[in-house]
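Reading the structure
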Amino acid sequence: MTNISVQQFCNHAVSAGTISDEDLLVLKREVLPDGLMSREDADLLIALERAVIGSDAFADFLVASVVDFAVWGTRPTGYIDRDVATWLAATLSGREGPSAVGARIAMEVVREAESSAESLVAFALEANRRARDTVQAPRMTFALAA
């Protein structure tokens with residue numbers, strides 16, 4: 001088995017412009033067989049989700065992985081303290097605010113944790129409100145005069 005880093009995986013996906021089903025299998029089996037182990041790796045994958053076209057399966061994997069890491073892989077286990085809440089809100093926001101997947105991650109972390117810092121609860125609610133508003137916004141069409 002080869003030892004591929006999360007950074008190398010992300011570089012490959014950015015070069016390809018997409019995350020294929022085969023790429024996702026490599027990520028699960030070779031890159032992160034034990035799940036996310038650091039904030040840095042989570043940051044890379046969250047940024048990758050915003051940068052390339054991924055499948056619903058990749059989105060589901062990312063949500064589950066970040067939730068597992070944030071809620072159960074950091075101390076205190078099962079609780080989202082201010083430090084983790086600040087990190088999550090910052091990394092999920094990116095430059096332009098959270099993506100729909102980022103909003104989903106925030107909400108799922110709040111649901112899974114036994115307790116979450118107020119700031120993350122507020123962030124998750126606002127991110128999901130924005131995601132809903134974006135989806136529900138009517139598309140404007142323009143007709144060109146012939």
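Residues numbered from 1 in each chain as written. Predicted model: local features only at pLDDT ≥ 70, side-chain atom pairs only at ≥ 80, totals over all residues. Heavy atoms only, no water.

For the rest of this paragraph, the subject is the overall build of the chain. The number of helices and strands found in the chain is seven helices and two strands. What you see in the chain, going N to C, is helices and strands ordered as α-α-α-α-β-α-α-β-α. With respect to the principal axes defined by its C-alpha atoms, the chain has extents near 60 × 40 × 20 Å. Burial analysis of the chain (146 residues in total) assigns 40% to the buried set. Element-wise, carbon and sulfur atoms account for 53% of the exposed surface of the chain, whose accessible area totals about 8900 Å². (Helix = DSSP H or I, 4+ residues; strand = E, 2+ residues; numbered from the N terminus. Buried < 20%, exposed > 50% of the residue type's maximum accessible area, 1.4 Å probe, protein only. Areas by Shrake-Rupley, 256 points an atom, 1.4 Å probe, with all protein chains shown as cover.)

Quick look at the nonpolar core now. Note that soluble globular proteins tend to have their nonpolar side chains buried in a common cluster. Counting residues in each nonpolar core, the largest one holds 46 residues, and the members touching the most others are Leu-27, Leu-45, Leu-48, Ile-80, Leu-88, Ile-105 and Val-109. Looking at this core, the elements with two or more residues in it are helix H1 (6–16), helix H2 (21–31), helix H3 (39–51), helix H4 (56–72), helix H5 (82–93), helix H6 (100–112) and helix H7 (118–136). Residue contributions to this core peak at 10 residues, all from H4. (Core = buried A, V, L, I, M, F, W, Y, C linked by side-chain atoms within 4.5 Å.)

Attention now moves to the environment of Thr-18. Summarising the element assignment, Thr-18 is placed in the loop between H1 and H2. Separated by 36 residues in sequence, Thr-18 and Gly-54 have C-alpha atoms that sit 5.7 Å apart. Dropping the residues within four chain positions of it, Thr-18 is found in contact with Ala-13, Asp-23, Val-52 and Ile-53. Polar contacts involving the side chain of Thr-18 include one to the main-chain carbonyl oxygen of Ile-53, which spans 3.0 Å. (Contact = heavy atoms within 4.5 Å. Polar contact = N/O pair within 3.5 Å; in protein donor to acceptor, adjacent residues only side chain to side chain.)

Let us now look at the pattern of salt bridges. If you walk through the whole model with that rule in mind, you get six salt bridges. Where Arg-130 meets Glu-126, a salt bridge forms, and the shortest distance between an N and an O atom there is 3.7 Å. Pair noted here: Arg-130 and Glu-126 are both in helix H7, with a separation of four residues, about one helical turn. On the accessibility criterion, Arg-130 (46% relative accessible area) is partly exposed. (Salt bridge = Lys/Arg side-chain N within 4 Å of Asp/Glu carboxyl O.)

Our next topic: H4. If you check H4, its first and last C-alpha atoms are 23 Å apart, about what 17 residues at 1.5 Å a residue would give, namely 24 Å. Taken together, the buried positions of H4 are occupied by Phe-58, Ala-59, Phe-61, Leu-62, Val-63, Ser-65, Val-66, Val-67, Phe-69, Ala-70 and Val-71. Those residues of H4 that are buried lie in contact with H2, H3, strand S1 (79–80), H5 and H6. (Expected span 1.5 Å × (residues − 1).)

Moving on to the packing of H1 against H2. Two elements in contact, H1 and H2, have axes whose closest approach is 11 Å; the angle formed by their N-to-C orientations is 175 degrees. One way to sum up the angle between H1 and H2 is to call them roughly antiparallel. For the pair formed by H1 and H2, the contact residues are Val-6, Phe-9 and His-12 on the first element and Asp-23, Leu-27 and Val-31 on the second. Per-class residue counts for the contact of H1 with H2 are four nonpolar, one polar and one charged. (Axes fitted to C-alpha atoms, helices over the stretch in contact; angles between N-to-C directions. Parallel < 35°, antiparallel > 145°, perpendicular 65-115°, else oblique. Nonpolar A, V, L, I, M, F, W, Y, C, P; charged D, E, K, R; others polar.)

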